[in-house]
Structure formats: structure tokens, C-alpha cells
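Single-letter residue listing:
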Amino acid sequence: MKRTDTAELAVRLLNSTLGLDDLSPEMHGRIATALVLLDRQDEENIFVALQDARKYIEADNAAIENFVKKWDELDD
């Protein structure tokens, strides 16, 4: 069974998207948080923006987990 290293996949995706090389997952997390803060609506509370972003992140996590699970099942 093939195992997908999702952390590596995410790092490669972000690296290729932003043109960055070999940033640690911590740095990617900080970049993502900074982007959320920059994208908040006018007068929106910072913590509300982060909570809203967390909802999208959870949905993305679930979608990615489902995709990887199906991918792994194809190799069985």
C-alpha cells in the first residue's frame, strides 16, 4: 500500500505556488495565518477572522483526508 506524505505534499504545493523552497511546516503555518489576517474584512475583529479561517481549514483538512484515503485504497 502506498502511503502519501501529506505534509510533504502540502509543502510542495505551497512552495510551487509561492515559489519558495524548503520552508518548514511552521513557516507555512505562519504564512497562512498572516494571509488570513491580511484578508480580513474591514473592521472585522482579528480573532473572528482567525475563527472563520479555521472553519475553512477544517473543511480543507477533511477534503484532503478523504482524498488521501481514497488514493490509498486504490493501491490495495
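Residues numbered from 1 in each chain as written. Predicted model: local features only at pLDDT ≥ 70, side-chain atom pairs only at ≥ 80, totals over all residues. Heavy atoms only, no water.

## As for the overall build of the protein chain
And step 1. Within the protein chain one finds 3 helices and 0 strands.
And step 2. Its helices and strands in sequence order give the protein chain the pattern α-α-α, from N to C terminus.
And step 3. Relative to its 76 residues, the protein chain shows a buried fraction of 11%.
And step 4. For the protein chain, contacts bridging at least 24 residues in sequence account for 35% of all contacts bridging at least 6. (Helix = DSSP H or I, 4+ residues; strand = E, 2+ residues; numbered from the N terminus. Buried < 20%, exposed > 50% of the residue type's maximum accessible area, 1.4 Å probe, protein only. Contact = heavy atoms within 4.5 Å.)

## Some thoughts on a nonpolar patch on the surface
And step 1. A surface patch of nonpolar side chains, about 280 Å² in accessible area, is lined by Leu37, Ile46 and Phe47.
And step 2. Counting through the fold element by element, isoleucine 46 comes out in helix α3 (residues 46-74).
And step 3. Here isoleucine 46 falls in the partly exposed class, since its relative accessible area comes to 37%. (Patch = residues over 30% accessible without salt bridge, like charges linked within 9 Å, V, L, I, M, F, W, Y side chains within 5 Å. Areas by Shrake-Rupley, 256 points an atom, 1.4 Å probe, with all protein chains shown as cover. Salt bridge = Lys/Arg side-chain N within 4 Å of Asp/Glu carboxyl O.)

## What about the pattern of salt bridges?
If the charged atoms of two oppositely charged side chains come close together, the side chains can form a pair.
And step 1. A complete count under the given rule lists 1 salt bridge for this structure.
And step 2. Note that aspartate 52 and lysine 55 form a salt bridge whose closest N and O atoms lie 3.9 Å from each other. Of this pair, aspartate 52 and lysine 55 both sit in helix α3, separated by 3 residues, roughly a single helical turn.

## Observations regarding the environment of arginine 40
And step 1. Within the secondary structure layout, arginine 40 lies in the loop between α2 (25-38) and α3.
And step 2. Owing to a relative accessible area of 34%, arginine 40 belongs among the partly exposed residues under this scheme.
And step 3. Sequence-wise, arginine 40 and aspartate 52 are 12 residues apart; in three dimensions their C-alpha atoms are separated by 9.5 Å.
And step 4. In contact with arginine 40, not counting residues within four places along its chain, are Asn45, Ile46 and Ala49.

No statement about biological role is implied by the geometric values presented.
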